[in-house]
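Results of the structural survey
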Amino acid sequence: QVQLVESGGGLVQPGGSLRLSCAASGSRFSIYNSAWYRQGPGNQRELVARIFTNGPTTYADSVKGRFTISRDNAKNTVFLQMNSLKPEDTAVYYCQMTVSQISRPPYDVWGQGTQVTVSS
């Protein structure tokens, strides 16, 4: 089973930046699409950004121009660079990957979540 470990969350002032990381580990796997979701207080989990296998990216309208998703294929890691943070970006951020392993169809895995709090 592939596992994801997230890091990089924390408390930041409005206008500040954070960089989230999500590293995948496991036995002989391939990563297809990767994404970041978030869930704020009292809200449903929402898609923030996705990076597809061949490189294209998509973003929620609320973060376009401020957030950038990227990945390091050699390290099986996906990143979310968050700039110009706003209080409404406060949420638990979750990493999600679609992965495949030998003799098993592709499946989704999720990280444990990392808290991002934007406050003065």
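Each remark here, short or long, concerns the structure printed above.
For the structure given in this document, a descriptive report is provided here. Given the structure is predicted, the values throughout are model-derived calculations rather than measurements.

This paragraph deals with unusual backbone geometry. Backbone geometry places N76, a non-glycine residue, at a positive phi of 50 degrees. Along the chain, N76 turns up in the loop between strand 7 (67-72) and strand 8 (77-82). In this structure, S84 is a non-glycine residue whose phi angle is positive, near 50 degrees. Within the element layout of this structure, S84 appears in the loop between strand 8 and strand 9 (91-101).

Now for the environment of G65. Assignment of secondary structure puts G65 in the loop between strand 6 (57-59) and strand 7. On the accessibility criterion, G65 (83% relative accessible area) is exposed. Taking the C-alpha atoms as reference, G65 lies 9.6 Å from M82; in sequence the two are 17 residues apart.

Strand order in the open sheet made by the 4 strands is 1-3-8-7, with antiparallel pairing throughout. Whereas interior strands pair on both sides, the edge strands pair on one side only; in this sheet they are strand 1 (3-7) and strand 7. Here the average twist between neighbouring strands, direction ignored, is 15 degrees. Across 5 bridges, the pairing between strand 1 and strand 3 (residues 18-25) is antiparallel. Across the sheet, V5 pairs through a bridge with A23, a residue of strand 3.

Conventions we followed
Residues numbered from 1 in each chain as written. Predicted model: local features only at pLDDT ≥ 70, side-chain atom pairs only at ≥ 80, totals over all residues. Heavy atoms only, no water. Helix = DSSP H or I, 4+ residues; strand = E, 2+ residues; numbered from the N terminus. Buried < 20%, exposed > 50% of the residue type's maximum accessible area, 1.4 Å probe, protein only. Pairing = 2+ DSSP bridges. Axes fitted to C-alpha atoms, helices over the stretch in contact; angles between N-to-C directions.

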